Every structure is written in structure tokens, then in C-alpha cells.
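Understanding the architecture of this molecule
Listed below, chain by chain, are the residues.
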Amino acid sequence: MATESNSAPAQPRQLDSQPENPFSNLITDQLFVSIPSFTLESGVTLYNVPVAYTTRGQLSETGDNALVICHALSGSADVADWWGPLLGGPGQAFDTSRFFVICLNSLGSPYGSASAVTYKDGNPEKGLYGPEFPLTTVRDDVR
């Protein structure tokens, strides 16, 4: 007889920092979250995946005003650095008085998300990914 599991899937958790990655400190005001597991388009599954991000503005009570900005593949999560002229108040494309703007650091980029300079599966005992970090795609970033 099969039984159902009552346990909920593991939820992302906030990280305070990314001590093994000196490049993550180059972006001020970014936050980090760890995703318990993430399967890339290639089929490779990463565990305890750090993702760096920045936010601007306020998320509405209904959560319907989020604006996700994707950036250059080697870029950081600092949306102002990449899209500064479009970011601001009323009349700007990324109007932070209207939208909750979030920008995530691309996977594989060294500025805070999982990359060659982060611990394998978030475990210091396994060492850094180094050249073993798998290839990622734009689809991976936007999922």
C-alpha cells in the first residue's frame, strides 16, 4: 500500500553572505537566497544553490507589480549599474514608485549566484565548483 508524504518541499532560505566568494562583496545592497535544489535545462541538478539579487520599490499586497529585469550574462544583480538611466520614479521605464523591481545575478556569474567560485552544493567540504561548474542557459536564469 502506497502512502502519501505530508512533508512540504524544501523552501528557499535567506543567506547572510557568501564568504567563499570575494566577488559577491563587490555589489552593495544585494541579498542572497539558497534554493534547495534546481535542475538545469541540461538535466544537471544543483543543490543549495545561492542566488544573489537586488530589489527596488515595494511589492504590492497582491504581488502583482513585480518587474523582473534580466541583464548581461556576466552582469551583477545591481540593476542600477546596468539599467540606471531607465530606473527611477514616474515616467521612467522601471518606475519604482509603481513596480517592485527585482534583478537576479545570473547563474555562473561570480557576483553572488552559484558559479565556479562557490562551494559545490553549498558544502565547504566539497570545495569550489571551479571548472566543473556546469553550463547554464538563459532559460535557467529566467525559470
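Note that the structure is predicted; figures quoted are calculated from it, not measured. (Residues numbered from 1 in each chain as written. Predicted model: local features only at pLDDT ≥ 70, side-chain atom pairs only at ≥ 80, totals over all residues. Heavy atoms only, no water.)

1. What to know about the pairing of strand S2 (residues 31-39)
Alignment of strand S1 (residues 13-15) against S2, held across three bridges, turns out to be antiparallel. Considered in S2, the bridge of Gln-14 is made with Val-33. The pairing of S2 with strand S3 (residues 45-56) spans eight bridges and is antiparallel. Bridge assignment links Ser-37 to a residue of S3, and that residue is Tyr-47. Hairpin connection of S2 to S3: five residues between the antiparallel strands, including Gly-43 at a positive phi of 100°. (Pairing = 2+ DSSP bridges. Helix = DSSP H or I, 4+ residues; strand = E, 2+ residues; numbered from the N terminus.)

2. A word on the sheet that holds strand S7 (residues 100-104)
Pairing within the open sheet is mixed, and its five strands lie in the order S1-S2-S3-S7-S4. The open sheet has two edge strands with one neighbour each: S1 and strand S4 (66-69). Strand-to-strand twist across the sheet, computed as the mean angle between neighbouring axes with direction ignored, equals 40°. (Axes fitted to C-alpha atoms, helices over the stretch in contact; angles between N-to-C directions.)

3. Focus: unusual backbone geometry
Trans is the common state for peptide bonds, and a negative phi is the common state for residues other than glycine. With a phi angle near 65°, Asp-29 is a residue other than glycine that sits in the positive phi range. Overall, the relative accessible area of 70% leaves Asp-29 in the exposed class. In this structure, Asp-121 takes a positive phi of about 55° despite not being glycine. Residue position: Asp-121 is located in the loop between S7 and helix H2 (138-142). Looking at Asp-121, the relative accessible area reads 19%, which means it is buried. (Buried < 20%, exposed > 50% of the residue type's maximum accessible area, 1.4 Å probe, protein only.)

4. Here we look at the packing of aromatic side chains
Tallied over the full model, the rule gives two aromatic pairs. Look at Tyr-129 and Phe-133: their rings are 5.1 Å apart centre to centre, the planes differ by 85°, and that puts the pair in the edge-to-face class. An identical accessibility class is assigned to Tyr-129 and Phe-133; each is buried. (Phe/Tyr/Trp six-rings, centres within 6.5 Å; stacked < 30°, edge-to-face > 60°.)

5. Things to note about the environment of Tyr-129
You can see Tyr-129 is positioned in the loop between S7 and H2. Considering only alpha carbons, one finds Tyr-129 and Val-117, twelve residues apart in sequence, at a separation of 6.4 Å. Separated by 3.2 Å, the side chain of Tyr-129 and the backbone nitrogen of Asp-121 make a polar contact. (Polar contact = N/O pair within 3.5 Å; in protein donor to acceptor, adjacent residues only side chain to side chain.)

6. Re the nonpolar core
Ranked by size, the top nonpolar core spans 13 residues in total, and within it Phe-38, Leu-40, Leu-46, Val-49, Leu-107, Ala-114 and Phe-133 carry the most contacts. Residue assignment for this core shows that the elements contributing at least two residues are S2, S3 and S7. Here this core gets four residues from one element, more than from any other, and that element is S3. What Leu-40 contacts, discounting residues up to four positions off in sequence, is Leu-46, Leu-107, Pro-134, Leu-135, Thr-136, Asp-140 and Arg-143. One finds Leu-87, Phe-94, Phe-99 and Cys-103 within the second-largest nonpolar core, a separate group that totals seven residues. (Core = buried A, V, L, I, M, F, W, Y, C linked by side-chain atoms within 4.5 Å. Contact = heavy atoms within 4.5 Å.)

7. Quick word on the confidence of the model for the chain
On average, residues of the chain carry a pLDDT of 86, and 90% of them reach 70 or more. Looking over the chain, one finds the lowest element-wise mean pLDDT in S1, namely 73, and the highest in S2, namely 93. Confidence drops under pLDDT 50 across residues 1-5; counting only partners more than four residues distant or on other chains, this segment forms zero contacts. (pLDDT = per-residue confidence, 0-100.)

8. Thoughts on the pattern of salt bridges
Tallying each qualifying case throughout the model produces four salt bridges. For Asp-78, the salt bridge goes to Arg-56, with nearest N and O atoms at 3.8 Å. Of this pair, Asp-78 sits in the loop between S4 and helix H1 (79-83) while Arg-56 sits in strand S3, placing them 22 residues apart in sequence. Among the residues examined, Arg-56 registers a relative accessible area of 27% and is labelled partly exposed. The salt bridge partner of Lys-120 is Glu-132, with a shortest N-O separation of 2.8 Å. Taken together, the positions of Lys-120 in the loop between S7 and H2 and Glu-132 in the loop between S7 and H2 put the pair twelve residues apart, joining distant regions of the chain. (Salt bridge = Lys/Arg side-chain N within 4 Å of Asp/Glu carboxyl O.)

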